[in-house]
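# Fold and geometry: a report
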Amino acid sequence: SLPAKLINGGIAGLIGVTCVFPIDLAKTRLQNQQNGQRLYTSLSDCLIKTIRSEGYFGMYRGAAVNLTLVTPEKAIKLAANDFFRHHLSKDGKKLTLLREMLAGCGAGTCQVIVTTPMEMLKIQLQDAGRIAAQKKLMAAQAQLSSSSSSAAAAAEPAVEARTTATQITRELLRSKGIAGLYKGLGATLLRDVPFSIVYFPLFANLNKLGQKDPNVKAPFYVSFLSGCVAGSTAAVAVNPCDVIKTRLQSLQRGVNEDTYSGILDCTKKIWQREGPTAFFKGAYCRALVIAPLFGIAQVVYFVGIAEFLLDMLPKRRA
């Protein structure tokens, strides 16, 4: 039933995000740092420095936004894919690869309604620590190189002003209206639609390999592994689009970092100033995030926790 699908998708999203959010934070910071302003050399270096400067909970900056909006986002994504697969199938026959890809395309298009504002807010909170750390580092370097006390005072490290998702939302709505929350919508579509086109058909076919009978669900570990493999493959495939999306949605920039007017401008500047390898910044982090996230999501969704809970309600009333 639709309520069961929505509940399963929501539970899957909450569990998955809680498990992998620190890696996602590292991915955002690695993707946003540009040549000459690099603070982090790797995933582990980013997490260690984040803990040292911001504490353990610094790794979960922006998690509240994700945990709030991931339920409708995952619910829409999974339920929409099922909806399109159902309506694209003919008399219950097996879907062709093209129809599976069309169903994934529909799911990816639907989810951006929630994904775009969620990513927009999350990125601001995740990257705030990197920008603050960069400013403090440059201020400290300026103090060391300065010989006059006045210059040293001017370079005094600024204390980071903590902002919340609510403050960012109010400011965007006040200055730009609802369109402010949907900055980077085109880049989000450019990432999520191809991701779903790759992910859903790949998962469905991998999951079928573990089914002994077409009418019987595959074991949970098959769904988990299928979700991990399909998720990580799709994540790496669309990582260039994710880098562009992350750069476009970042409202605050570090010192001497580029600004972008759109997808083409962003693509051109990254290619010219950072090289083609920059499009794969954070790719392994994204694979590490997406693999367990979608593995957990598919297990919860296909095992059907919601069906069990909903079936228990009438019994309790009785």
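As the structure is a computational prediction, the values presented were derived from the model and not from experiment. (Residues numbered from 1 in each chain as written. Predicted model: local features only at pLDDT ≥ 70, side-chain atom pairs only at ≥ 80, totals over all residues. Heavy atoms only, no water.)

Of the regular secondary structure elements, the chain holds 12 helices and zero strands. The order of helices and strands in the chain, counted from the N terminus, is α-α-α-α-α-α-α-α-α-α-α-α. Per-residue burial over the chain gives 49% buried out of 318 residues. Restricting the contact set of the chain to residue pairs at least 6 apart, pairs at least 24 apart contribute 80%. By element, 65% of the accessible surface of the chain is carried by carbon and sulfur atoms, the whole surface being about 15,700 Å². (Helix = DSSP H or I, 4+ residues; strand = E, 2+ residues; numbered from the N terminus. Buried < 20%, exposed > 50% of the residue type's maximum accessible area, 1.4 Å probe, protein only. Contact = heavy atoms within 4.5 Å. Areas by Shrake-Rupley, 256 points an atom, 1.4 Å probe, with all protein chains shown as cover.)

What follows covers the packing of aromatic side chains. According to the stated counting rule, one finds eight aromatic pairs in the structure shown. Ring geometry for tyrosine 56 against tyrosine 60: centres 6.1 Å apart, planes inclined by 45°, an arrangement best described as tilted. Judged by its relative accessible area of 48%, tyrosine 56 falls in the partly exposed class. Taking 6.3 Å as the distance between ring centres and 40° as the angle between the ring planes, the aromatic pair formed by tryptophan 271 and phenylalanine 279 counts as tilted. With a relative accessible area of 53%, tryptophan 271 lands in the exposed category. Here phenylalanine 279 falls in the buried class, since its relative accessible area comes to 7%. An aromatic cluster is present here, built from Phe21, Tyr56, Phe57 and Tyr60 joined pairwise through their rings. (Phe/Tyr/Trp six-rings, centres within 6.5 Å; stacked < 30°, edge-to-face > 60°.)

So, on to the packing of helix H4 (residues 97–145) against helix H6 (residues 165–176). Relative orientation and spacing of two packed helices are given, respectively, by the angle between their axes and the distance between those axes. Here H4 crosses H6 at 120°, and the two axes come no closer than 10 Å. Classified by the angle between their axes, H4 and H6 sit oblique to one another. Along this stretch, H4 crosses H6, giving a crossing that reads as right-handed. Taken together, the residues of H6 that come into contact with H4 (itself represented by Met120, Leu121, Gln124 and Leu125) are Ala165, Ile168, Thr169 and Leu172. (Axes fitted to C-alpha atoms, helices over the stretch in contact; angles between N-to-C directions. Parallel < 35°, antiparallel > 145°, perpendicular 65-115°, else oblique. Left-handed = near helix turned anticlockwise from the far one by under 90°.)

The next thing to look at is the packing of helix H7 (residues 185–208) against helix H9 (residues 239–249). The geometry of H7 relative to H9 is characterised by a closest axis approach of 9 Å and an angle of 160° between their N-to-C directions. In terms of orientation, H7 lies roughly antiparallel with respect to H9. In this structure, the crossing between H7 and H9 has a hand that is left-handed. Contact residues: Ala187, Thr188, Leu190 and Arg191 in H7; Cys241, Asp242, Lys245, Leu248 and Gln249 in H9. Its residues placed into classes, the contact of H7 with H9 shows four nonpolar, two polar and three charged. (Nonpolar A, V, L, I, M, F, W, Y, C, P; charged D, E, K, R; others polar.)

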